Amino acid sequence: MVPNNTRPHVLIIGAGISGMHAAIDLAETGCRVTLVDKAAASGGILSQIDHQFPDDHCGMCRILPMINRDDCRQTCLRRGLDHDHIRILTQTEVLGITGAPGNMTVTLATTPTGVDPERCTDCGECETVCPVEIPDQFNASLSFSKAIYKPVPHQSGTKRTINWDACNRCDACRKICPESAINLDAASRPQTLQNIAGVIYTPGAELFDPRAVDLYGFGILPNVVTSTGFERILNSAGPFADITVRPSDHLPIKKIAWLQCVGSRNLMLGADHCSTACCMIAVKEAILAHEKIEGAETTIFYMDMRTFGRDFQRYKDRAEFELGVRFIRCRVHSIEPADTPGDLIISYVDAEGHRIEEIFDLAILSTGRKPAPVLPDFVRHDGGFMPDSVQQFKDISESVIASGAAAAGLLKKILPKTHEKTASDDSPADSQSRPVEKTALVVGGGPAGLSAALTLAGFYVKVALVEKQDALGGNAAHIVDKDTKESIAQLITNVMNHPLITVYKNAQVINHQGIPGRFVSRIRLGEEGEKILVHGATVIVTGGHAAQTDAYGSGTDDRIITQFDLEKRLHDGELDQLPPKSVVMIQCAGSREEPANYCSRICCIKALNNAIGLKEKWPETDIRIFYRDIMTTGDTETLYTEARRKGICFIPFDVSRKPSVSINGPDIIVTGHDPIKNAAVSFKPDMVVLSTGVSPNPSDDIARMFFIPLTVDAFFKEADYKWRPVDSPREGIFVAGLGRAPQTALQSIQEGEAAACRAFRILASDLIKPQRVTAIVRHAICSRCELCIDTCPYGARFADTEQNRIMVDVAACQGCGACAAICPNSATLLGDFEDHRVMDALETAIG
Amino acid sequence: MHPFVIIKTDGHLSNAVAGFLKKLLTEQIADAVLAAAPTPYSLLPMPTLFTAPDLIEKADPLAPAAPFNSARQAISVLKHDTGKRIALVLRPCEIRALIELAKLKQCSLDNTLLIGIECLGRMENSVYLESASQNPGLTQAFYEDPDLQKHICSSCAICTRFQPVHADISLCLVGMPANECIGLSAETEAGLSVLKQLGFETSEAPARREDQIHRLLDERKASKAALLSENKDKTDSIEKFQRYFADCLNCHNCRVACPVCYCRECVFLTDVFAHDPEVLLRRASKKGMVKLPADTTMFHMTRMAHIAHACVACGHCSSVCPSHIPVADVFIRVAEEIQKLYDYEPGRDLSEAIPLLVFDENTGNEGI
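Along each chain, residues carry numbers from 1 onward, in the same order as the chain's sequence is written. To label them, take the chains in the order written and letter them from A, then take the ligands in the order written and number them from 1. Local features in this predicted model are restricted to residues whose pLDDT is 70 or higher, and side-chain atom pairs enter the listing and the counts only when it is 80 or higher, whereas totals over whole chains, interfaces and linings include all residues. The basis for the side-chain values is all heavy atoms of the structure; hydrogens and waters are excluded.

### Observations regarding the overall build of chain B
Stage number 1. What counts as a helix is a DSSP run of H or I of at least four residues, what counts as a strand is a run of E of at least two, and both are numbered from the N terminus. When helices and strands are counted, chain B shows 15 helices and 7 strands.
Stage number 2. Our radius of gyration is a C-alpha quantity, and the globule rule it is checked against amounts to 2.2 Å times the number of residues to the power 0.38. Whereas a compact globule of 368 residues would reach a radius of gyration of roughly 21 Å, chain B reaches 22 Å, a difference of no more than 12%.
Stage number 3. Buried positions account for 52% of the 368 residues belonging to chain B.
Stage number 4. A sequence separation of at least 24 residues applies to 74% of the contacts in chain B between residues at least 6 apart.
Stage number 5. Here the Shrake-Rupley method, with its probe set to 1.4 Å, supplies the accessible areas, and only the displayed protein chains count as covering residues. When the accessible surface of chain B is split by element, carbon and sulfur atoms take 53% of a total near 17,500 Å².
Stage number 6. Counted as positive: Lys and Arg. Counted as negative: Asp and Glu. His and the chain ends are not counted at all. Lys charges are placed at NZ, Arg charges at CZ, Asp charges at CG and Glu charges at CD. In chain B, 37 positive and 46 negative side-chain charges are present, and the distance between their average locations comes to 4 Å. Only protein chains enter the calculation, and the probe is 1.4 Å; a residue is then buried if its accessible area is under 20% of its type maximum, exposed if over 50%, and partly exposed in between. Between two residues, a contact is recorded if the distance between any of their heavy atoms is within 4.5 Å.

### Description of the overall build of chain A
Stage number 1. Secondary structure assignment for chain A yields 18 helices and 43 strands.
Stage number 2. For a compact globule of 847 residues, the expected C-alpha radius of gyration is about 29 Å, and chain A comes in at 29 Å, within 12% of that figure.
Stage number 3. Looking at chain A as a whole, 59% of its 847 residues are labelled buried.
Stage number 4. Considering only residue pairs separated by 6 or more positions, chain A has 69% of its internal contacts joining residues 24 or more positions apart.
Stage number 5. Roughly 34,700 Å² of accessible area belongs to chain A as shown, and the carbon and sulfur atoms make up 51% of that amount.

### Regarding the sheet that holds strand β29 (residues 560–562) of chain A
Residue and element names in this part refer to chain A.
Stage number 1. Two strands are said to pair when DSSP picks up at least two bridges between them. In space, the 5 strands of this open sheet follow the order β29-β36-β30-β31-β32, with parallel pairing throughout. Among the strands making up the open sheet, the edge pair consists of β29 and β32 (649–652). In this sheet, adjacent strand axes meet at a mean angle of 25 degrees when their direction is disregarded.
Stage number 2. Across 4 bridges, the pairing between strand β30 (residues 582–586) and strand β36 (residues 687–690) is parallel. Among the inter-strand pairings, Ile586 is bridged to a residue of β36, identified as Leu690.
Stage number 3. Sitting on the sheet, helix α11 (residues 563–572) is in contact with β29, β30 and β36, with an inclination near 85 degrees to β29. Only the stretch in contact is used when a helix axis is fitted, and all axes are lines through C-alpha atoms; the angle between N-to-C directions ranges over 0 to 180 degrees.

### Re the interface of chain B and chain A
Stage number 1. Contact residues are listed per partner, giving 22 residues for chain B and 23 residues for chain A.
Stage number 2. When two parts are brought into contact, each loses some accessible area as probed by a 1.4 Å sphere; the total of that loss over both is the buried area. Summed over both partners, the interface of chain B with chain A buries about 2,000 Å², with 54% contributed by carbon and sulfur atoms.
Stage number 3. It is Arg264, Val272 and Leu357 of chain B in chain B that bury the most area against chain A; as a group they hold 29% of the surface buried on that side.
Stage number 4. The term salt bridge refers to a pairing of a side-chain nitrogen on Lys or Arg with a carboxyl oxygen on Asp or Glu at a separation within 4 Å. The interface formed by chain B and chain A includes 4 salt bridges.
Stage number 5. Arg283 of chain B is the partner of Glu843 of chain A in a salt bridge, and the nearest nitrogen-oxygen pair spans 3.2 Å.
Stage number 6. Pairs of N or O atoms are called polar contacts if they sit within 3.5 Å, as long as, within protein, a hydrogen donor faces a hydrogen acceptor (for residues adjacent in sequence, only side-chain-to-side-chain pairs). Taken together, the links from chain B to chain A amount to 8 residue pairs in polar contact (both at pLDDT 80 or more).

### Brief notes about the environment of Arg318 of chain A
Residue and element names in this part refer to chain A.
Stage number 1. Here Arg318 shows up in helix α6 (residues 312–322).
Stage number 2. Assessed through its relative accessible area of 30%, Arg318 is described here as partly exposed.
Stage number 3. Separated by 31 residues in sequence, Arg318 and Ile287 have C-alpha atoms that sit 8.9 Å apart.
Stage number 4. Apart from the residues lying within four places of it in its own chain, the contact partners of Arg318 are Asp56, Ile287 and Leu323.

### Details of the sheet that holds strand β23 (residues 501–504) of chain A
Residue and element names in this part refer to chain A.
Stage number 1. Spatially, the 5 strands line up as an open sheet ordered β23-β22-β21-β27-β38, and their pairing is parallel. The open sheet has two edge strands, β23 and β38 (733–735), and neither has a second partner. Ignoring which end each strand starts from, the neighbouring axes of this sheet average 20 degrees apart.
Stage number 2. Across the sheet, helix α9 (residues 447–458) touches β21 (439–443), β22 (462–466), β23 and β27 (537–540), and the angle it forms with β22 is around 165 degrees.

### Here's the deal with the environment of Glu27 of chain B
Stage number 1. Among the structural elements, Glu27 of chain B can be located in the loop between α1 (13–26) and β2 (32–39).
Stage number 2. Each C-alpha atom of the pair Glu27 of chain B and Pro53 of chain B lies 9.9 Å from the other, and the pair is 26 residues apart in sequence.

### Structural notes on the packing of helix α9 (residues 207–235) of chain B against helix α15 (residues 327–341) of chain B
All names here are of chain B.
Stage number 1. Running from amino to carboxyl end, α9 crosses α15 at an angle of 100 degrees, the nearest separation of the two axes being 9 Å. Relative to α15, the element α9 lies roughly perpendicular. Along the contact surface, α9 presents Lys224, Leu227, Leu228, Asn231, Lys232 and Thr235, while α15 presents Asp329, Val330, Ile332, Arg333, Glu336 and Glu337.
Stage number 2. Note on residue classes: Ala, Val, Leu, Ile, Met, Phe, Trp, Tyr, Cys and Pro are nonpolar, Asp, Glu, Lys and Arg are charged, and everything else, Gly too, is polar. Per-class residue counts for the contact of α9 with α15 are 4 nonpolar, 2 polar and 6 charged. Angles are sorted into four bins: roughly parallel if under 35 degrees, roughly antiparallel if over 145, roughly perpendicular if 65 to 115, and oblique for all others.

### Overview of the pattern of salt bridges
Opposite charge on two side chains lets them pair, provided their charged atoms get close.
Stage number 1. Scanning the model with the defined rule gives 72 salt bridges over all chains in all.
Stage number 2. For Lys646 of chain A, the salt bridge identified is with Glu642 of chain A, shortest N-O distance 3.2 Å.
Stage number 3. Assessed through its relative accessible area of 29%, Glu642 of chain A is described here as partly exposed.
Stage number 4. Of the charged contacts, one joins Asp343 of chain B and Arg348 of chain B as a salt bridge, the two residues approaching to 3.9 Å between their closest N and O atoms.
Stage number 5. Residue class for Asp343 of chain B comes out exposed when judged on its relative accessible area of 58%.
Stage number 6. Residue Arg348 of chain B is classed as partly exposed on the basis of its relative accessible area, which comes to 33%.
Stage number 7. Residues participating in the shared-partner salt-bridge network are Arg265, Asp304, Arg306, Arg329, Arg592, Asp629 and Glu637 of chain A.

And the structure:
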């Protein structure tokens, strides 16, 4: 193990999921991390939430180290992070940062907990005698806690802490404590950290307090709760003994309403932003409600259902069509108490324009983040890295990618050229350890591939970049946006000029074998023959392309074009001769319904930019956009606001009532249904512009060669959508970019960086060493039935046909024991878990 | 309906079958044929690998005896593809076991011709030896005389899967008067092409077959239901289970006879169960005594856990038990419940995944 004092020391501010993930990635690549949070416990908002979309499981533990597992306690991460190279300081704030990257000085102030953790035996006497009762933050104020309390009850090893604002200094706890562990006079402890190599800032989102929206009665009507509150109600250790009862009278919940965009997308509150994740959280909560409450009736009142992620539309469809969740497009005006105690009246306007009053048992306010965060000065300090999700309310997957990219950015700045020496292990090699080839193969030269290659080269790793086409940049050729175009051009220049990167154009991988740390690939180089590359890690970034569709007469008339075409014509000035007087845009052409039932992520933004572009040039042009849900997540919401301000007309439609496009003599006629007028509408535009979305590039051969599964839409399927979004299920092989999920070029660049950071976990050390608990095979009694290969969730086992043996890759093996469980004759064993020991333990247990 | 060929037996059933097998060699359809044949030293038919056409005349795969499930012998010649095409004449339970073993990578079926017997059952070895020594024409007599068929072993008497699944060609006997003719049914394209190569004319199967198959199936189902329900009463608690296996000698014959117990070395022979004397003394001291050999219940439970999904109900475990424990009855009963739970049928389809390799979060919610 590399001793802590020789590792670069980094500071991460914010111990939520982004901070913990960045900390673990950095610790795995050879850093020492101090992780600080002003809260009393680590874990952020996720410590309150059990189930997360889109699989309704938790799985936070999947971000734990996989290569150097023994550095970390392998347990449920919601119970706390316990890593040899990560120090967590809670109740700690950063006062200031000085110095330059590589050698910064950080001053911190830690508020004392009032409880000496060395003495406290967790007996709980103090909490019993404490006379102060305050709303329990952990349970979203649905229950009470004492002034001396456990901030996150399920965290192991966390001692109690004192809420100084609530404490009345009555001294009762100090008097009763049998260990004299309590000190009510403890003062804030400042400390200075010297020689900090760099800083990452991941403070998380500050949540909106719905008390500001008085028409919804939050804080007055007990059965109006926030979505976090509902997660706590559903928790078996939550505020109520029964998990399916409402706060006011503890009667069973049956009829539930979700109100979306509370505190978001609200100009009156200064919130011209979308909180991104709340739509999916509401869908998930509705699914959970159906799972836990028999006969639940669920209704989601929404403005646009933002099912922006790769698999989200199908998730929402399942909720709607299989579970019967009702989706009503309407912003609810107010919530009022009903005559029957506890019940709530929600009045809304239905699709036909009728005003309806309906009684619900429980109303859930989907609250997102507060508007306009204020960033501390030190964040702009050179060496302070912000994941771009900073203070946004992003889903887990994007937070993990963003924090991975931030960790990569930091590493590039702080790694000494001779980092191998720092990060490597000096202890002698044993028979199972194996050397690491410190080179990487990047398959694909689009934005994600370029950024992955440059990031790896920035870590002093030699990179081979293989591109099928004769030019780098992928879809950059079709990108019009000046900033994006420039940043990709810059990436290409940097890649071409980087001494550690070799670019193979017109080249293809035709064979790939091996294990993490040593893969062998055969590359076909156009007409120049073949080349063998040996590399320690592989990044697959084969990209995507504009989707083809024949929807709405696409391709039948040259006035029916795509957003890509319009963008180009606008940019090239092709429309200047004959500006269009009337334009109809149709969103989701050929997407968000089977067979391509996913949101392509880029089309809404492209359509809005094009529409605004048209309006800026020709304000008189009529623009009408038929849409299903405008997917302007995060701060791109401002585009939608601007478009509406410019007088662009938006007409929503449902898949069952799509607009239609027909040609009648010289005219194009678009007819549709306007739900506000509740009448048919018909337009004769000069131009119909279709948002046709994106598809992944065909990658069946790559998937087979690299053993990476594909989703039904032929995107690469990662190891875990939420927690390991850029890892393939095979250790040592990483996926990013448009081949993995629909995304913008800038997101692809970020994913490339995150993937490079994951790959560097392997490439950072000279040796891959087996961890304490890995599987071994007893070849003499092994029947080679290969059940273990099929059952291994990490792809860590393979048949060596030459030696006629089953082999274990010690880097990929996580010691889970699935192989040992399925092996009928214990020909595979897990170190430290030999059968006879387990049986002795069982015998003792059953007596 | 599959293409059907009627072969005349002219009063010599065994010869007719051997004649068909001989053609496989002479017409170079197969490089070798594995079929049961009596040895020079005993009437008991043993799986025999034939390459010489004149010697295969001795083969008698329809003899109502099988000293063991031949799937294990089959895999010894199918361990890997030798480039030779091998025809195998097997009972349905043997084919089922072979398919399971192929899923477990114990053999390759790439270059084989599977000939399945429509099986009316086998006699226990001792019963067969006694009958065959008194009646040289036992094979044909068995298929003609329903009384003789009553002497089949108890597992065969409750077998409902007597028709081959996954064979290329089935040797059909139900509804066929054995002294006149038997049938060959082409179950696969490969099977049909072999029958065509051999110059057989295909026709429809005799109509009476359908009826008789159903009648036999109904009888078997009834006997099976009765036996399994009786068995459940005897084995549905751990105490009863222990009583059921009380006379077990830990000889492990049942495991040796089991065609789907495929381990190169059984875990009960490894160090896992090679207890130190301290362990036995500790166990004894808990209750004042311990029966030796130890781990009898553990052995049967473990074997059940390992093979219940794959049990092909051949009954050989009962046949080899020196203590005459009806081992198969309880295994068949539990296997049937497990297989139903996973909607899995061993030997049904080579591409059907072994249940424990498929994760479905809803499996098992309905309980056993």
